[in-house]
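# Structural features, examined
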Amino acid sequence: MKAQTLYEKLWSSHVVHEEADGTALIYIDRHLVHEVTSPQAFEGLKLAGRKPWRVGSIVATADHNTPTDHWDLGIQDPVSRQQVETLDANIREVGSLAYFPFKDARQGIVHVIGPENGATLPGMTVVCGDSHTSTHGAFGCLAHGIGTSEVEHVLATQCLLQKKSRTLLIRVDGQLGRGVTAKDVVLAIIGRIGTAGGTGYAMEFGGSAIRALSMEGRMTICNMAIEAGARAGLVGVDETTIEYLKDRPFSPKGAQWEQAVDYWRSLHSDEGAEFDKVVEIKAEDILPQVTWGTSPEMVTTVDGRVPDPAAVTDPVRREGIERALKYMGLEANTPITDIPVDQVFIGSCTNSRIEDLREAAAVAKGRSKAASVKRVLVVPGSGLVKRQAEAEGLHEIFLAAGFEWREPGCSMCLAMNADRLEPGERCASTSNRNFEGRQGAGGRTHLVSPAMAAAAAVTGRFTDVRAL
Amino acid sequence: MKPFTQLDGLVAPLDRANVDTDAIIPKQFLKSIKRSGFGPNAFDEWRYLDVGQPGADNSKRPLNPDFVLNQARYQGAQILLTRDNFGCGSSREHAPWALEDYGFRVLIGPSFADIFFNNSFKNGLLPIKLDAAEVDELFRQCEASEGYRLKVDLAAQTITRPDGKSIAFDIDPFRKECLLNGWDDIGLTLRHADKIRAFEEQRRAQHPYYFA
Ligand code: SF4
């Protein structure tokens, strides 16, 4: 048989029907739901008199709007509360495999709770009305972010209308240097190929440096595939994947586990499989990254400088840089390590898992927040992550350093709840988007790894974590 | 879904690359549980000088005179010229809802982000990809002449400029059919309900652990 890419295997095992022009109906195994992009879909379903096709595919949680402190007070913002209550009511009405509502012990960011509960499994198709659904591709499953009309479509038909993507392999070979993390790898990739570099592709990450990553690291990388324009990120299944999934609540058990693992071991690109495009990166060349602009591709290394638009010839790009520098309040040619920060955010579906918190804590240990830094928020990705971190005593390290230890949720990744930047404030953030206003109107976001965020918190400016 | 066939519309240029969906409709408006009413908050942070809040009376807010869509000559525009990677970022369908509610029916640019591109079609909004050089020329013409209009014909897959030049564009045949007829995707898919059921049964037998 012809050597196949992982994407081709996943695609062909889910095609239910194909139109003459290649538009296909693909079957959806797992439907993750959160409060922001689902209300209109449930409403549409009801108005059309339709029922969900398979409620057993649904795993839901409330994460975007939920507060990260004073849970005893409930959700103060009435509009946010209404959205969360609407999800409660919708799930109550239609049912689900699992629902982790506000305050539940297993509540958390939708892309954190799926994997940690074993609700995301290799070989599945996974969708969610959220672009960072690409995260789940770390498990060798085909995971797409979808819009609300598509959420309704999946609810009603258990299928998604899709055209087959082209395939792109990003191969990172070699060994990452000390202090260089999965986040730096993915930022370096986006810096290299641009935010539209993956548009139209399913982006597989391979090579020895990717194989050496934990599941947490692989999730961080796939999480940001969408930031490179790819709707889906992918990593092939190996022993790391299988080890992670063993004994998770929704992972198969007993004989079914054996049967599943047998199948999962085939879920990788075959030797000699052809990709439409291949990008190769040497792990040794990757240094800690810091974004300086308003798009994730506006990134450089910690020893770099803010670029000079005068040196750029393409007028659209030059204007883009000028506009970004103006928004970010930065002068051309400023060394990255001269940029001071006002706030630090450690969290989001990119970097709020236990390993991320361990990395941040390793830097924070025995140090304290710089006096010039107003606030350092540490927001675990889920209730389970929070409890694990507390069992390891990480929260004590953060609290001793003057950081705030919060309840799980999306928090200041998109600032839909009370956690946000004030206009003009500058933030070192472990999240995935540095768009204008993302963390609060007028706020300025620099994307970094958890270790680099913690380093900025204790020194008050961007600092090479390797030198600390 | 609203069908789309032809349009002779006023054109507005938005001359920046990587316009993300956070910029098209900021997050505070995502708290709505409705599909409509997002138009007055389209491009909110660029369009107004103050910070917008859901439920506020937008007609009383100070407009940003520097934002291109606020110029008198572009009022009533139904066609938006864009640059590379328009609609990147969050999957929020509120972005096409906001553009549609604002009055746009056609977007023309060199490239669009995948999810946004998909979402547009579901809402009767037609995104058209053209060569960068072609888009450049449209920007030039549009900025040079007030009241610049284009004719878009979906059935013929053409855009006609005021100087008479006709530009052909590509579109998936399936999407074209759906848009021309205003077909509801779900209704279309459910014609294959038997096939879906059969597929599901077979999958359940082969991989029972996905159906726990
Ligand atoms: S943490 Fe941020 S990126 Fe992730 S799902 Fe929440 S809002 Fe979206």
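Everything quoted here is computed from the prediction, not taken from an experiment. (Residues numbered from 1 in each chain as written. Chains lettered and ligands numbered in written order. Predicted model: local features only at pLDDT ≥ 70, side-chain atom pairs only at ≥ 80, totals over all residues. Heavy atoms only, no water.)

### Digging into the pattern of salt bridges
Counted under the stated rule, the structure contains 39 salt bridges over all chains. In this structure, the salt-bridge partner of Asp-77 of chain A is Lys-31 of chain B, at a minimum N-O distance of 2.6 Å. Separated into two different chains, Asp-77 of chain A in the loop between strand 4 (58–61) and helix 3 (78–94) and Lys-31 of chain B in the loop between helix 1 (21–24) and helix 2 (44–47) make up a pair that spans both. Owing to a relative accessible area of 28%, Asp-77 of chain A belongs among the partly exposed residues under this scheme. Taking the relative accessible area as the measure of exposure, Lys-31 of chain B reaches 6% and is therefore buried. Here Arg-35 of chain B ties to Glu-152 of chain A by a salt bridge, and the two come within 3.0 Å at their closest N and O atoms. In this pair, Arg-35 of chain B is assigned in the loop between helix 1 and helix 2 and Glu-152 of chain A in helix 5 (residues 148–157), connecting two distinct chains. (Salt bridge = Lys/Arg side-chain N within 4 Å of Asp/Glu carboxyl O. Helix = DSSP H or I, 4+ residues; strand = E, 2+ residues; numbered from the N terminus. Buried < 20%, exposed > 50% of the residue type's maximum accessible area, 1.4 Å probe, protein only.)

### Topic: the layout of surface pockets
The volume enclosed by the largest pocket comes to roughly 850 Å³. Ranked by the residues each element gives to the lining of the largest pocket, the list is headed by helix 11 (residues 315–328) of chain A, at eight residues. (1 Å grid on protein atoms, 1.4 Å probe; cavity = no way out; pocket = protein on both sides within 12 Å on 5 of 7 lines; lining within 4 Å. Points joined across faces, edges and corners; volume = space filled by probe spheres on them.)

### A look at the UniProt feature "binding site: [4Fe-4S] cluster" (unreviewed entry) in chain A
All names here are of chain A. Sites flagged by UniProt as "binding site: [4Fe-4S] cluster" (unreviewed entry) map to Cys-349, Cys-410 and Cys-413. For the annotated residues, spread through 65 residues, the largest C-alpha to C-alpha distance comes to 8.6 Å, consistent with a single compact locus. Here, the largest cavity is lined by Cys-349, Cys-410 and Cys-413 out of the annotated residues. Mapped onto the fold, Cys-349 is located in the loop between strand 15 (343–346) and helix 12 (354–364). Judged by its relative accessible area of 7%, Cys-349 is buried. Discounting residues that sit within four places of it in the chain, Cys-349 has contacts with Ile-109, His-111, Val-112, His-132, Asn-223 and Asn-432. (UniProt positions renumbered as here; feature names shortened; annotations may be inferred. Contact = heavy atoms within 4.5 Å.)

### A look at the environment of Gly-197 of chain A
All names here are of chain A. Relative to the helices and strands, Gly-197 is located in the loop between helix 6 (182–193) and strand 10 (201–206). Residue Gly-197 is classed as buried on the basis of its relative accessible area, which comes to 12%. Residues Gly-197 and Ile-170 lie 27 residues apart in sequence; the distance between their C-alpha atoms is 11 Å. Each residue touching Gly-197, except ones within four places of it in the same chain, is listed here: Leu-168, Ala-228 and Lys-277.

### Describing the nonpolar core
Phe-398 of chain A together with Phe-43, Phe-86, Ile-108 and Leu-126 of chain B are the most contacted members of the largest nonpolar core, which has 108 residues in total. For this core, the leading source of residues is helix 15 (residues 450–459) of chain A, giving eight residues. Aside from chain neighbours lying at most four places away, what touches Phe-43 of chain B is Leu-14, Val-19, Ala-23, Ile-24, Phe-67, Leu-69, Leu-80, Phe-86 and Leu-99 of chain B. Residues Leu-32, Leu-142 and Val-180 of chain A together with Phe-211 of chain B belong to the second largest nonpolar core, which totals 105 residues. (Core = buried A, V, L, I, M, F, W, Y, C linked by side-chain atoms within 4.5 Å.)

### Considering the interface of chain A and chain B
Residue-level contacts link 78 residues of chain A with 59 residues of chain B. When chain A packs against chain B, the two sides together hide about 5,700 Å² of surface, and 56% of this comes from carbon and sulfur. If you look at where chain A meets chain B, you find seven salt bridges. Between Asp-29 of chain A and Arg-203 of chain B there is a salt bridge, with the nearest N and O atoms lying 2.8 Å from each other. Taken together, the links from chain A to chain B amount to 37 residue pairs in polar contact (both at pLDDT 80 or more). Every element with two or more residues in the side of chain A that touches chain B is listed here: strand 1 (15–18), strand 2 (24–27), helix 2 (39–47), helix 3, helix 5, strand 8 (159–162), helix 10 (254–264) and helix 11 of chain A. If one sorts the elements of the side of chain A that touches chain B by residue count, helix 5 of chain A sits on top with seven residues. Class assignment for the residues of the side of chain A that touches chain B results in 28 nonpolar, 31 polar and 19 charged. (Buried area = accessible area lost by both parts, 1.4 Å probe. Polar contact = N/O pair within 3.5 Å; in protein donor to acceptor, adjacent residues only side chain to side chain. Nonpolar A, V, L, I, M, F, W, Y, C, P; charged D, E, K, R; others polar.)

### Quick look at the sheet that holds strand 1 (residues 6–13) of chain B
One key point about sheets: their strands pair by backbone hydrogen bonds, in either a parallel or an antiparallel sense. Residue and element names in this part refer to chain B. Strand order across the open sheet formed by seven strands is 4-3-2-1-5-6-7, with mixed pairing between neighbours. Lying at the two open borders of the sheet, with one neighbouring strand each, are strand 4 (126–129) and strand 7 (166–168). Recorded for the sheet is a direction-independent mean angle of 25 degrees between the axes of neighbouring strands. When strand 3 (residues 106–109) meets strand 4, the two strands line up parallel, connected through four bridges. The residue bridging Val-106 from the neighbouring strand is Leu-126, located in strand 4. (Pairing = 2+ DSSP bridges. Axes fitted to C-alpha atoms, helices over the stretch in contact; angles between N-to-C directions.)

### Notes on empty space enclosed by the protein
Summed over the entire model, instances satisfying the criterion amount to five cavities of 30 Å³ or more. There is about 220 Å³ of room inside the largest cavity. For the largest cavity, the lining is made up of 20 residues, of which His-64, Asp-130, His-132, Leu-414 and Arg-438 of chain A are closest to its centre. Grouping the constituent residues of the lining of the largest cavity by class yields seven nonpolar, nine polar and four charged. Taken together, 14 residues form the lining of the second largest cavity, with Phe-121, Lys-122, Phe-174, Arg-175 and Asp-185 of chain B sitting closest to its centre.

### Here we look at the site of the ligand
Residue and element names in this part refer to chain A. Residues in contact with the ligand, as listed here, are His-64, Ile-109, His-111, Asp-130, His-132, Ser-348, Cys-349, Cys-410, Cys-413, Leu-414, Asn-432 and Arg-438. The cavity where the ligand resides is the largest cavity. Looking at the shell around the ligand residue by residue, the classes come out as five nonpolar, five polar and two charged. (Near = heavy atom within 4 Å. Sits in = over half its atoms within 2 Å of the grid points.)

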